[in-house]
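# Breakdown of the fold
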Amino acid sequence: GESVGLHLPTLSVQEGDNSIINCAYSNSASDYFIWYKQESGKGPQFIIDIRSNMDKRQGQRVTVLLNKTVKHLSLQIAATQPGDSAVYFCAERVDNQGGKLIFGQGTELSVKP
Amino acid sequence: NAGVMQNPRHLVRRRGQEARLRCSPMKGHSHVYWYRQLPEEGLKFMVYLQKENIIDESGMPKERFSAEFPKEGPSILRIQQVVRGDSAAYFCASSPAVNSGNTIYFGEGSWLTVV
């Protein structure tokens, strides 16, 4: 069936390093993608999104890359900080499905001081 | 995710009781979504509602679960005769519409524990 999945369940980085979190999706009809950050005991927090007619989008310290050829999405975090430690989820949406999001399993990012 | 209000934040119910979870969307948002998150897992879509209408309930269990979004008041997710497997975090999200670029924002969740 259609699914969104993440390559790595955990990622440990040193403070100040760059982090890259990857995501694979299989629904070629998906045309909108979102990255969320979830801290323990809290709800998903929007980080950045990208539409399928783009291949790159930058925010503050974060960049999302979309490769539709191989159905791959990545989140890059520059100069990772301890406050970035959380679980990161990618999600996909097909607009004609009423905005329903399909989430990946999640990657836990741990930042070592 | 500021603005999507959920309550209660934590709820404990005995098996067989009913659980009611409430969600007030962000101001100006008319679309509400409910998701469930089991421990160590991602969020799973349950239902999508607009005012007084259920648009997509493809993720809702066939029995015991129901949702509504009345003309006035919050959206309600109702779980009847709860079982231990219902223990999870339930997240509500809202958006102004489902057009391109309208981000879906989440609340802080309601943690249901069935004992």
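Our structure is the block above this text.
Definitions and cut-offs
Residues numbered from 1 in each chain as written. Chains lettered and ligands numbered in written order. Predicted model: local features only at pLDDT ≥ 70, side-chain atom pairs only at ≥ 80, totals over all residues. Heavy atoms only, no water. Contact = heavy atoms within 4.5 Å. Buried area = accessible area lost by both parts, 1.4 Å probe. Salt bridge = Lys/Arg side-chain N within 4 Å of Asp/Glu carboxyl O. Polar contact = N/O pair within 3.5 Å; in protein donor to acceptor, adjacent residues only side chain to side chain. Helix = DSSP H or I, 4+ residues; strand = E, 2+ residues; numbered from the N terminus. Nonpolar A, V, L, I, M, F, W, Y, C, P; charged D, E, K, R; others polar. Buried < 20%, exposed > 50% of the residue type's maximum accessible area, 1.4 Å probe, protein only. Disulfide = S-S within 2.5 Å. Phe/Tyr/Trp six-rings, centres within 6.5 Å; stacked < 30°, edge-to-face > 60°.

Let us now look at the interface of chain A and chain B. How big an interface is tends to be reported as the loss of accessible area on association of its parts. Taken together, the contact between chain A and chain B spans 21 residues of the former and 26 residues of the latter. With both sides pooled, the region where chain A packs onto chain B buries about 1,700 Å², and carbon together with sulfur makes up 53% of that total. Here chain A and chain B share one salt bridge between them. Where B:Asp56 meets A:Lys100, a salt bridge forms, and the shortest distance between an N and an O atom there is 3.9 Å. Across the chain A-chain B interface, the total number found is seven residue pairs in polar contact (both at pLDDT 80 or more). Broken down by secondary-structure element, the contributors of at least two residues to the side of chain A that touches chain B are strand S4 (32–38), strand S5 (45–51), strand S9 (86–93) and strand S10 (101–103) of chain A. When the residues that make up the side of chain A that touches chain B are grouped by side-chain class, the tally is seven nonpolar, eight polar and six charged.

Counted according to the given criterion, the structure contains seven salt bridges over all chains. For the salt bridge of A:Asp31 with A:Arg51, the shortest nitrogen-to-oxygen distance reads 3.8 Å. Of this pair, A:Asp31 sits in the loop between strand S3 (19–25) and S4 while A:Arg51 sits in strand S5, and the two are 20 residues apart along the sequence. For the pair A:Asp31 and A:Arg51, a shared accessibility class is recorded, and that class is buried. With its nearest N and O atoms 2.9 Å apart, the salt bridge here joins B:Arg78 to B:Glu18. Here the residue B:Arg78 occupies a position in strand S8 (residues 75–79), and B:Glu18 occupies one in the loop between strand S2 (10–13) and strand S3 (19–24), the gap between them amounting to 60 residues.

Note: disulfide means a covalent bond formed between the sulfur atoms of two cysteine side chains. Counted according to the given criterion, the structure contains two disulfides over all chains. Here A:Cys23 pairs with A:Cys90 through a disulfide, and the sulfurs are 1.9 Å apart. Looking along the S-S bond of the A:Cys23-A:Cys90 disulfide, the torsion reads about 55°, which is the right-handed sense. In this pair, A:Cys23 is assigned in strand S3 and A:Cys90 in strand S9, connecting sequence segments 67 residues apart. Of the residues examined, A:Cys23 reaches a relative accessible area of 1% and is grouped as buried. Overall, the relative accessible area of 1% leaves A:Cys90 in the buried class. Here B:Cys23 engages in a disulfide with B:Cys92; their sulfurs sit 1.8 Å apart. Residues B:Cys23 and B:Cys92 are joined by a disulfide whose S-S torsion is about -60°; by sign, that bridge is left-handed. Of this pair, B:Cys23 sits in strand S3 while B:Cys92 sits in strand S9 (residues 88–95), and the two are 69 residues apart along the sequence.

So, about the packing of aromatic side chains. All told, the structure shown has twelve aromatic pairs over all chains when counted by the stated rule. The interplanar angle of 50° and the centroid separation of 4.6 Å between the aromatic rings of A:Tyr25 and A:Phe33 together place this pair among those described as tilted. For the ring pair A:Tyr36 and B:Phe106, a centre distance of 5.2 Å and an interplane angle of 90° mean the geometry is edge-to-face. Placement of the pair is A:Tyr36 in strand S4 and B:Phe106 in strand S10 (residues 105–106), with the two residues belonging to separate chains. Using a relative accessible area of 0% as the deciding quantity, one classes B:Phe106 as buried. In textbook terms, an aromatic cluster arises when at least three aromatic residues are bridged by ring pairs, as seen for A:Tyr36, A:Phe46, A:Phe89, A:Phe103, B:Tyr35, B:Phe45, B:Tyr105 and B:Phe106.

All right, on to the side chain of B:Gln37 then. Looking at the secondary structure, you find B:Gln37 in strand S4 (residues 31–37). The exposure class of B:Gln37 is buried, given its relative accessible area of 10%. There is a polar contact of 2.9 Å between the side chain of B:Gln37 and the backbone oxygen of B:Glu41. B:Gln37 has contacts with A:Gln38, A:Phe89, B:Gly42, B:Leu43, B:Ala88, B:Ala89 and B:Phe91, leaving out every residue within four places of it along the chain.

Residues and elements named next belong to chain B. At the junction of asparagine 7 and proline 8, the peptide bond is cis and its omega measures out at 0° in the coordinates. Position of proline 8 relative to the elements: it lies in the loop between strand S1 (5–7) and S2. The phi dihedral of arginine 64 falls on the positive side, at around 75°, and the residue is not glycine. Structurally, arginine 64 can be placed in the loop between strand S6 (53–56) and strand S7 (65–68).

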